[in-house]
Amino acid sequence: GVDMLVLGIETSCDETGVALYCSQKGLIADALYSQIEMHNEYGGVVPELASRDHVKKLLPLIQSVLDQAGITNKEVDAVAYTKGPGLVGALMVGTMTARAIAFAWGVPALGVHHMEGHLLAPMLEETPPEFPFVALLVSGGHTQLVQVDGIGQYALLGESLDDAAGEAFDKAAKMMKLPYPGGPHIARLAEQGTAGRFKFPRPMVDRPGLEFSFSGLKTYTLNTVLAIEKAQGELEEQDKADIAHAFQEAVVETLAIKCRRALEQTGMKQLVMAGGVSANTRLREKLEDALAKVGGKVFYARPEFCTDNGAMIAFAGCQRLKAGQQDDLAVKPVARWPL
Ligand code: KG4
Ligand code: ZN
């Protein structure tokens, strides 16, 4: 068919992401500005600062992506943006910028669900999964298993009853005074950890179903940290590494058990994992192992497309455009939005 060129904009949290995706040539440009350093000082994302920084960075980033690709606005067929879920102020920046640009350029604007962006991101890779598949969405705000039958055909199989997996990583890291976001720091420390010094619980694995719970693991981590602090004062680097190791093993094994169960229940063979935590190499290893036993194959995006980025929004927007989606001039970012 005709090739379609879609500009994608992501501003739901603490990264400004912009990309250009072409239905024929694939991804042709991609740029990201991360605010992590700015928020780090506060130990987490400060919503007001996030919005203000998106305002400052977004248009220059869009210009740089167009320049990178040698594209003029006349060639762009649609503008896709993250409509939600996320921080409402941050979402408003991307939403209004995208809608206004699309209006000026006379092309459709497409509001994309952030988690749909994540779940389709592995399709940007060389050997993409094919519909239908089961997706494990593991980010800072979500832990969900979803049956994916096609674009827009998503059925929730199970989700976390409390904290998201990424949130648990971040909170455990904070307890050990590691920088925000804690996931990558825990993962790095875990490599130096002594296996077997601590054994953390695997929440809800002996219960049937595909629900998760990570808040107990958080309490368990806190109690472990407090016990060491009581005995010896500050944590040593090795203590942190040992806790990180035990914590990561518990999360990763819990996720792997539920993913295997989801494949067995649905009879599917492909598992797609997406969202920030899917960048975790131990999780990739463990899932590949666990699913190989049931003939399952695991798909994931390159690490920079596991965390928030513009490419996944441009790609999801292109799929939506092909499917005939067209949004009104009036727009409304949505802070909470089920997939
Ligand atoms: O998808 P994402 O960038 O933003 C949300 O939509 O939430 O995910 C961010 C989350 C954070 O909680 C971060 O700690 C976690 O992903 N994360 C990781 C790793 N890289 C990022 N968690 C574990 N291991 C990693 N390597
Ligand atoms: Zn995300």
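These numbers come from a predicted model, not from an experiment. (Residues numbered from 1 in each chain as written. Chains lettered and ligands numbered in written order. Predicted model: local features only at pLDDT ≥ 70, side-chain atom pairs only at ≥ 80, totals over all residues. Heavy atoms only, no water.)

## Digging into the nonpolar core
Formally: Take the buried Ala, Val, Leu, Ile, Met, Phe, Trp, Tyr and Cys residues and link them wherever side-chain atoms come within 4.5 Å; each set so joined is a nonpolar core. Summary of the burial criterion: residues with accessible area below 20% of their type's maximum are buried, those above 50% are exposed, and those between are partly exposed, where the area comes from a 1.4 Å probe applied to protein chains only. Secondary structure elements follow DSSP: runs of H or I of four or more residues count as helices, runs of E of two or more count as strands, with numbering from the N terminus. By the convention used here, residues are in contact when the closest approach between their heavy atoms is within 4.5 Å.
Among the nonpolar cores identified, the biggest contains 47 residues, and Leu136, Leu145, Ile186, Phe247, Leu271 and Leu287 are the most heavily contacted of them. If you list the elements that add at least two residues to this core, you get β6 (133-138), α5 (165-175), α6 (182-190), α7 (215-232), α8 (237-266), β9 (270-274) and α9 (281-292). Ranked by the residues each element gives to this core, the list is headed by α8, at 13 residues. Non-local contacts of phenylalanine 247, meaning those with residues more than four positions away in its chain, are made with Ala168, Phe169, Ala172, Ile186, Phe200, Leu217 and Thr221. Counting residues in hydrophobic clusters, the runner-up holds 34 residues, among them Val6, Ala80, Leu110 and Cys306.

## A look at the coordination of the zinc ion (ligand 2)
Keep this limit in mind: Water is absent from the atoms considered, so a metal site may look incomplete; donors are defined as N, O and S atoms within 2.8 Å of the metal, or 3.2 Å for Na, K and Ca.
The zinc ion (ligand 2) binds to the protein through His114 (NE2), His118 (NE2) and Asp308 (OD), with metal-donor distances spanning 2.0 to 2.1 Å. For histidine 114, a relative accessible area of 6% puts it in the buried group. For histidine 118, a relative accessible area of 1% corresponds to the buried category.

## Here we look at the UniProt feature "binding site: Fe cation" (unreviewed entry) in the protein
Note the cut-off: UniProt positions are given in the numbering used here, feature names are shortened, and annotations may be inferred rather than shown by experiment.
Per the UniProt record, "binding site: Fe cation" (unreviewed entry) is annotated on His114, His118 and Asp308. Despite a sequence span of 195 residues, these residues sit close together in the fold, their greatest C-alpha distance being 8.7 Å. Structurally, histidine 118 can be placed in helix α4 (residues 114-120). Every residue in contact with histidine 118, bar those within four places of it in the chain, is listed here: Ala274, Gly275, Gly276, Cys306, Thr307, Asp308 and Met312. Along the chain, aspartate 308 turns up in the loop between β10 (297-299) and α10 (311-322).

## A short note on the site of ligand 1
What counts is decided by this rule: Any residue with at least one heavy atom within 4 Å of a molecule or strand is counted as near it. Polar contacts, as counted here, are pairs of nitrogen or oxygen atoms within 3.5 Å of one another; within protein the pair requires one atom able to donate a hydrogen and one able to accept it, and residues that are adjacent in sequence qualify only if both atoms are side-chain atoms. Residue exposure ignores everything except the shown protein chains as possible cover, and the areas themselves are Shrake-Rupley values with a 1.4 Å probe.
Close to ligand 1 lie 19 residues, the nearest being His118, Gly140, Asp170, Gly276 and Asn280. Note that an oxygen atom of ligand 1 is positioned 3.0 Å from one of the side-chain N or O atoms of histidine 118. In the environment of ligand 1, an oxygen atom lies 3.1 Å from a nitrogen or oxygen atom belonging to the backbone of aspartate 308. Expressed as a share of its isolated accessible area of 560 Å², the protein-covered part of ligand 1 is 87%. Breaking the shell around ligand 1 down by element, the ones donating at least two residues are α4, α5 and α6. Top contributing element to the shell around ligand 1 by residue count: α5, with 3 residues.

## Details of the side chain of glutamate 249
Structurally, glutamate 249 can be placed in helix α8. A residue is classified by how much of its surface remains accessible, and glutamate 249, at 12% relative accessible area, is buried. Here arginine 282 takes part through its side chain, which lies 2.7 Å from a polar atom of the side chain of glutamate 249. The contact partners of glutamate 249, leaving out residues within four places of it in the chain, are Arg202, Arg282 and Lys286.

## What about the pairing of strand β3 (residues 26-34)?
The following threshold applies: Two strands are said to pair when DSSP picks up at least two bridges between them.
Relative to β3, strand β2 (residues 15-22) is paired through 8 bridges, and the arrangement is antiparallel. In the strand pairing of β3, cysteine 22 is matched with glycine 26. Between the end of β2 and the start of β3, which pair antiparallel, lie 3 residues.

## A word on the packing of α5 against α6
Counted only if it meets this: Fitted lines through C-alpha atoms give the axes, limited to the stretch in contact for helices. The angle between two N-to-C directions lies from 0 to 180 degrees. Orientation categories follow fixed angle ranges, with anything under 35 degrees roughly parallel, anything over 145 roughly antiparallel, 65 to 115 roughly perpendicular, and all other angles oblique. Crossings are assigned a handedness: left-handed for a near helix turned anticlockwise from the far helix by less than a right angle, right-handed for a clockwise turn. Under the scheme applied, nonpolar residues are Ala, Val, Leu, Ile, Met, Phe, Trp, Tyr, Cys and Pro; charged residues are Asp, Glu, Lys and Arg; polar residues are all the others, including Gly.
As a packed pair, α5 and α6 sit with axes 7 Å apart at the nearest point and diverge in direction by 70°. Accordingly, the angle class assigned to the pair α5 and α6 is roughly perpendicular. In this structure, the crossing between α5 and α6 has a hand that is left-handed. Residues Phe169, Asp170, Ala172 and Ala173 of α5 form the contact with α6, whose own contacting residues are Gly182, Gly183 and Ile186. In terms of residue class, the contact of α5 with α6 is made up of 4 nonpolar, 2 polar and 1 charged.

## Looking at the UniProt feature "binding site: substrate" (unreviewed entry) in the protein
Residues annotated in UniProt with the feature "binding site: substrate" (unreviewed entry) correspond here to Leu137, Val138, Ser139, Gly140, Gly141, Asp170, Gly183 and Asn280. When you line up the elements, serine 139 lands in the loop between β6 and β7 (143-150). In this structure, serine 139 is in contact with Met115, Ala164, Ala165, Gly166, Glu167, Gly275, Gly276 and Val277, ignoring residues within four places of it in sequence. By secondary structure assignment, the location of glycine 140 is in the loop between β6 and β7. In contact with glycine 140, not counting residues within four places along its chain, are Ala164, Gly166 and Glu167.

## Remarks on the sheet that holds β2
Within the open sheet, the 5 strands sit side by side as β3-β2-β1-β4-β5. Their pairing is mixed. Here the strands that pair on one side only, and so sit at the sheet edges, are β3 and β5 (109-113). Between one strand axis and the next, the sheet turns by 20° as a mean value, whatever way the strands run. Bridging between strand β1 (residues 5-10) and strand β4 (residues 78-84) involves 4 bridges; their strand directions are parallel. Paired with isoleucine 9 across the bridge in β4 is tyrosine 81. Across the face of the sheet, helix α3 (residues 88-105) comes into contact with β1, β4 and β5 while running at roughly 160° to β4.

## So, the sheet that holds β6
Sheet architecture is open: 5 strands sit in the order β8-β7-β6-β9-β10, paired in mixed fashion. This sheet does not close on itself; its edge strands, each paired only once, are β8 (153-159) and β10. Between one strand axis and the next, the sheet turns by 25° as a mean value, whatever way the strands run.

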